[in-house]
Amino acid sequence: MRTVESRDDIVQEIRAKGFCLIAPAQLEACFGVSPAALASLVASWDDLPRDGYLKDGGKYRSRRHSSFVQTIDPPALEQTAHRAHWQPVDYNALHGGIERWFEPIAAAVCAAASWQTLLKSVGEVCAAVSAQPRWFIEAHQFRIDTAEGIGRPTPEGAHRDGVDFVAVILVNRRGVKGGETRVFDANGPTGVRFTLTEPWSVLLLDDARVIHESTPIQPDGTGEGGARDTLVLTYR
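J.: Give me the overall build of the chain: which residues, what numbers.
T.: Helices and strands together make up the secondary structure of the chain, namely five helices and 12 strands. On C-alpha atoms alone, the chain measures out to a radius of gyration of 17 Å, which is about the 18 Å that the 2.2 N^0.38 rule sets for 236 residues. Projected onto its principal axes, the C-alpha coordinates of the chain cover approximately 45 × 40 × 40 Å. Counting over 236 residues, the chain shows a buried share of 52%. Of all intrachain contacts in the chain linking residues separated by at least 6 positions in sequence, the fraction that spans at least 24 positions is 76%. For the chain, the accessible area works out to roughly 10,400 Å², and carbon and sulfur atoms hold 48% of it. Of the charged side chains in the chain, 25 are positive and 30 negative, and the gap between their average positions amounts to 3 Å.

J.: Could you give an account of the sheet that holds strand S8 (residues 191–195), with specific residues and numbers?
T.: The sheet built from three strands is open, its strands ordered S8-S7-S10 with antiparallel pairing. At either margin of the open sheet sits one strand with a lone partner, and together these are S8 and strand S10 (210–214). Averaged over neighbouring strand pairs, the angle between their axes works out to 15° when direction is ignored.

J.: How would you summarise the environment of Ile 150 if you had to cite specific residues and measurements?
T.: Mapped onto the fold, Ile 150 is located in the loop between strand S4 (134–145) and strand S5 (165–174). Residues Ile 150 and Lys 120, 30 residues apart in the sequence, show an inter-C-alpha distance of 34 Å.

J.: So, the pairing of S8: which residues are in play, and what are the values?
T.: Both strand S7 (residues 180–185) and S8 contribute to a ladder of five bridges, which runs antiparallel. Bridge assignment links Arg 182 to a residue of S8, and that residue is Arg 193.

J.: A description of the sheet that holds strand S12 (residues 227–235) should follow, citing residues and the corresponding values.
T.: Taken together, the seven strands give an open sheet; going across it, the order is S1-S9-S5-S12-S4-S2-S3, and neighbouring strands pair in antiparallel fashion. Every interior strand has two partners, whereas the edge strands, strand S1 (19–22) and strand S3 (76–79), have only one. Strand-to-strand twist across the sheet, computed as the mean angle between neighbouring axes with direction ignored, equals 20°. Bridge count for S5 against strand S9 (residues 202–206) is five bridges, and the pairing is antiparallel. Counted as the bridge partner of Val 168 is Leu 203 from S9. Packed onto the sheet, helix H1 (residues 7–17) meets S1, S5 and S9 and runs at close to 145° relative to S1. Lying over the sheet, helix H5 (residues 113–129) contacts strand S2 (61–71), S3, S4, S5, S9 and S12, oriented at roughly 50° with respect to S12.

J.: Go over the environment of Ala 106, please, and point to the residues and values.
T.: Tracing the backbone shows Ala 106 in the loop between S3 and helix H4 (107–111). Along the chain, Ala 106 and Arg 61 lie 45 residues apart, while their C-alpha atoms are 18 Å from each other.

J.: Give me H1: which residues, what numbers.
T.: Three or more residues of H1 are buried, namely Asp 9, Ile 10, Val 11, Glu 13 and Ile 14. Tucked into the core, H1 has its buried residues touching S1, helix H2 (27–31), H5, S5 and S9. Once H1 finishes, Gly 18 follows within two positions and takes phi at roughly 90°, a positive value.

J.: How would you sum up the pairing of S3? Please name residues and give values.
T.: Bridge count for S2 against S3 is four bridges, and the pairing is antiparallel. Its bridge partner lying in S3, Gln 70 is registered against Leu 77. Between S2 and S3, which pair antiparallel and follow one another directly, the connecting turn spans four residues.

J.: An account of the packing of aromatic side chains is requested, with residue identities and associated values reported.
T.: All chains considered together, the criterion is met by four aromatic pairs. Aromatic pair Tyr 53 and Phe 102: ring centres 5.4 Å apart, planes at 80°, arrangement edge-to-face. Taken together, the residues Tyr 53 in the loop between helix H3 (35–38) and S2 and Phe 102 in the loop between S3 and H4 connect sequence positions 49 residues apart. Pairing Trp 135 with Tyr 235 gives two aromatic rings, centres 6.3 Å apart and planes at 85°, and the pair type is edge-to-face. Taken together, the positions of Trp 135 in strand S4 and Tyr 235 in strand S12 put the pair 100 residues apart, joining distant regions of the chain.

J.: Provide a residue-level description of the nonpolar core, including the pertinent values.
T.: Core analysis: the biggest nonpolar cluster contains 41 residues, and Ile 10, Ile 22, Phe 31, Trp 115, Leu 204 and Tyr 235 have the highest contact counts within it. For this core, the element with the most residues is H5, which contributes eight residues. What Trp 115 contacts, discounting residues up to four positions off in sequence, is Leu 38, Leu 41, Phe 68, Ile 105, Val 109, Cys 110, Ala 139 and Leu 231. With 14 residues, the next largest nonpolar core counts Phe 19, Val 183, Phe 194 and Val 210 among its residues.

Quick notes on the rules
Residues numbered from 1 in each chain as written. Predicted model: local features only at pLDDT ≥ 70, side-chain atom pairs only at ≥ 80, totals over all residues. Heavy atoms only, no water. Helix = DSSP H or I, 4+ residues; strand = E, 2+ residues; numbered from the N terminus. Rg over C-alpha atoms; globule rule 2.2 N^0.38 Å. Buried < 20%, exposed > 50% of the residue type's maximum accessible area, 1.4 Å probe, protein only. Contact = heavy atoms within 4.5 Å. Areas by Shrake-Rupley, 256 points an atom, 1.4 Å probe, with all protein chains shown as cover. Lys, Arg positive; Asp, Glu negative; His and termini not counted. Charge placed at Lys NZ, Arg CZ, Asp CG, Glu CD. Pairing = 2+ DSSP bridges. Axes fitted to C-alpha atoms, helices over the stretch in contact; angles between N-to-C directions. Phe/Tyr/Trp six-rings, centres within 6.5 Å; stacked < 30°, edge-to-face > 60°. Core = buried A, V, L, I, M, F, W, Y, C linked by side-chain atoms within 4.5 Å.

In structure tokens form, the structure reads like this:
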């Protein structure tokens, strides 16, 4: 699968296909922040509370959630008062229609220059695809683990998020197999399948045009605790 090397490439790919993949080596060129600059945030994934809303009864998902407002011109990013995460059942048949109150992302993470650069830069690229003066952003830190033998990154199955754009960013992956990412045309049979393996790989999606999911993960047999950490950003 082709990866992009510049913001112009991202815009062209999303307009052509509805999604694109940005490799870690191109992160700084595309979003102005390097994997090394983001490395200080990784430890915060070790402090995510369990998701108490899973309707399948599983205990494989931990997460935090915070919201932001971005203006494009003049450029600004502001964290909003903490609020519930809510999706309509049309987009999330499993967990939609309820207010889900997750613990907020740590203040030190939200204040980090690398975090703010990443959120703003992704928003600027989205605005280049679809001209908007302002984005409402929701940020989700996820850890899916295999303590129960299997972990489900998307228990709701293939879905849209009901926003304009979605960025799925792999932060870490250890001791697991599976977790294949699948992206399909929302109005047709075409699609691609691949596995994100390199930390700080970014999958950017036009949510109106594609549906996406990640398959379950299992321990890979190495004996270490298996987990898949991601940062999911939505822009509406």
